Amino acid sequence: MASINFQKFWDYYKSTARTADYSRYREQFFRAFSKSLEDLNLKDWRYPGNWPGVDVISKNLTKICTKTRTIMISNGVPTAAVTNILDRFKKWFREFY
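The rules we used
Residues numbered from 1 in each chain as written. Predicted model: local features only at pLDDT ≥ 70, side-chain atom pairs only at ≥ 80, totals over all residues. Heavy atoms only, no water. Helix = DSSP H or I, 4+ residues; strand = E, 2+ residues; numbered from the N terminus. Contact = heavy atoms within 4.5 Å. Salt bridge = Lys/Arg side-chain N within 4 Å of Asp/Glu carboxyl O. Buried < 20%, exposed > 50% of the residue type's maximum accessible area, 1.4 Å probe, protein only. Axes fitted to C-alpha atoms, helices over the stretch in contact; angles between N-to-C directions. Parallel < 35°, antiparallel > 145°, perpendicular 65-115°, else oblique. Left-handed = near helix turned anticlockwise from the far one by under 90°. Nonpolar A, V, L, I, M, F, W, Y, C, P; charged D, E, K, R; others polar.

Draft legend 1. Region of interest: the environment of Lys 90. Within the secondary structure, Lys 90 is located in helix α5 (residues 79-96). Measuring from C-alpha to C-alpha, the distance between Lys 90 and Ser 58 comes to 9.6 Å, with 32 residues separating the pair along the chain. Setting aside residues up to four positions removed in sequence, Lys 90 forms contacts with Leu 61 and Cys 65.

Draft legend 2. The pattern of salt bridges, seen in detail. In this structure the tally under the stated criterion is four salt bridges. Here Asp 39 ties to Lys 35 by a salt bridge, and the two come within 2.7 Å at their closest N and O atoms. With a gap of four residues between them, Asp 39 and Lys 35 both fall in helix α2 (residues 26-39), about one helical turn apart. Of the residues examined, Asp 39 reaches a relative accessible area of 33% and is grouped as partly exposed. Lys 67 is the salt-bridge partner of Asp 39, the closest N and O atoms lying 3.8 Å from each other. Highlighted residues: Asp 39 in helix α2 and Lys 67 in helix α4 (residues 61-74), separated in sequence by 28 residues. A single network of salt bridges, built from pairs that share partners, joins Lys 35, Asp 39 and Lys 67.

Draft legend 3. Examining the packing of α2 against α4 more closely. For the pair α2 and α4, interaxial distance at closest approach is 8 Å and the crossing angle is 125°. If you check the angle between α2 and α4, you find them oblique. The way α2 lies across α4 gives a crossing that is right-handed. Where α2 approaches α4, its residues Gln 28, Phe 29, Ala 32, Phe 33, Lys 35, Ser 36, Leu 37 and Asp 39 are matched on the opposing element by Ile 64, Lys 67, Thr 68, Ile 71 and Met 72. Class assignment for the residues of the contact of α2 with α4 results in seven nonpolar, three polar and three charged.

Shown next, in the form of structure tokens:
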């Protein structure tokens with residue numbers, strides 16, 4: 001079972017960010033993504049390293065990204081940054097996995 005390599009995503013993000021670089025929100029993205037998995041019962045909070053496989057994330061990608069978006073915006077991340085990060089993440093995820 002493979003897991004997501006977030007460092008590879010951020011490398012991709014930095015290489016494709018043309019207008020604005022929102023990589024300063026990488027920690028907020030990671031925490032919100034992780035919390036989304038917990039909220040959707042795809043990851044057990046008691047086991048921090050217990051991430052679901054790529055296939056589970058792929059099947060639930062829309063729900064995960066919607067929840068991640070809500071969490072990030074409610075934590076003060078600008079909507080433009082959230083949209084930019086999530087659009088690139090979905091594209092990268094579909095290409096890489």
